[in-house]
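Each chain is listed here by its residues.
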Amino acid sequence: MAQVIAGYLVLWGWVNNTFAREPAKRAVAIAFINGTAQIGTVVGTYGWPSNWGPIYRYSYAISIGAIVISTAMFGVMHLHLKHLNKQIEKSERIAKDTEERQGPVGFRYLI
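This is a predicted model, so every value here is computed, not measured.

Participant: Any details on the overall build of the protein? Residues and values, ideally.
Facilitator: Assigned secondary structure in the protein consists of three helices and zero strands. Along the protein, helices (α) and strands (β) appear in the sequence α-α-α when read from the amino end. Since a compact globule built from 111 residues should have a radius of gyration of about 13 Å, the 19 Å found for the protein marks it as more spread out than a globular shape. Here the protein, with 111 residues, has 12% of them falling under the buried criterion. Expressed as a percentage of contacts within the protein between residues at least 6 apart in sequence, the contacts between residues at least 24 apart total 42%. Carbon and sulfur atoms make up 68% of the accessible area of the protein, which totals about 8,900 Å². Charged side chains of the protein number 11 positive and 6 negative; the gap between the two group centres comes to 13 Å.

Structure representation (structure tokens):
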């Protein structure tokens, strides 16, 4: 259980660096991620009813399903940010001067 807190802090550092462009987008992203993360603590208690015990087969299936879904979502986000980094690099190569560029020069998403 203690590893969850460490992972949560690492995740917040990554979120703050990933959504670093506009303050409004950053605030919405942080609020959305925080709200989504807190849903798990509320809903998670209903995944372990006593009538499913002592084996709790369905509870473990729900937990494993949640891990698979979250891992898949992180994988999709990783691929999306990688694609955006390639687009940014391509637009910087095509642009002739800094006025034609969109966004800060040299900006890349952390992957």
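Having seen it, we continue.
Participant: Outline the packing of aromatic side chains, supporting the account with residue identities and numerical values.
Facilitator: For the structure on display, the rule yields four aromatic pairs. Pairing Trp-14 with Phe-74 gives two aromatic rings, centres 6.1 Å apart and planes at 65 degrees, and the pair type is edge-to-face. Taken as a pair, Trp-14 in helix 1 (residues 2–18) and Phe-74 in helix 3 (residues 57–94) lie far apart in primary sequence, 60 residues in all. Seen from their ring centres, Trp-48 and Tyr-56 are 5.6 Å apart, and the 55 degrees between their planes marks the pair as tilted. The exposure class assigned to Trp-48 is partly exposed, which follows from its relative accessible area of 36%.

Participant: Account for unusual backbone geometry, naming residues and giving values.
Facilitator: With omega at 0 degrees, the peptide bond leading from Gly-53 into Pro-54 counts as cis. Within the secondary structure layout, Pro-54 lies in the loop between helix 2 (23–43) and helix 3. Of note in this structure, Tyr-56 is not a glycine but carries a positive phi near 55 degrees. Tracing the chain through its elements places Tyr-56 in the loop between helix 2 and helix 3.

The rules behind each value
Within any chain, residue numbers begin from 1 and follow the written order of that chain's sequence. Where totals are concerned, whole chains, interfaces and linings use all residues; where local detail is concerned, this predicted model gives features only for residues with pLDDT of at least 70, and gives and counts side-chain atom pairs only at 80 or more. Hydrogens and water are ignored here; the side-chain numbers use all heavy atoms of the structure. Each helix corresponds to a stretch of at least 4 residues labelled H or I by DSSP, and each strand to a stretch of at least 2 residues labelled E; elements are numbered beginning at the N terminus. Values of the radius of gyration come from C-alpha atoms, whereas the globule rule sets the reference at 2.2 Å times the count of residues to the power 0.38. Exposed residues in this analysis have more than 50% of their type's maximum accessible area, buried residues have under 20%, and partly exposed residues fall in between, with area computed by a 1.4 Å probe over protein chains only. Working rule for contacts: check all heavy atoms of both residues, and any pair within 4.5 Å makes them a contact. The Shrake-Rupley method, run with a 1.4 Å probe sphere, supplies the accessible areas, and residue values consider only the shown protein chains as cover. Within this scheme the basic residues Lys and Arg register as positive and the acidic residues Asp and Glu register as negative, but His and the chain ends are omitted. Think of each charge as sitting on NZ of Lys, CZ of Arg, CG of Asp or CD of Glu. Pairing of aromatic rings covers Phe, Tyr and Trp, the last through its six-membered ring, and needs centres within 6.5 Å; plane angles under 30 degrees mean stacked, over 60 mean edge-to-face, and all others mean tilted.

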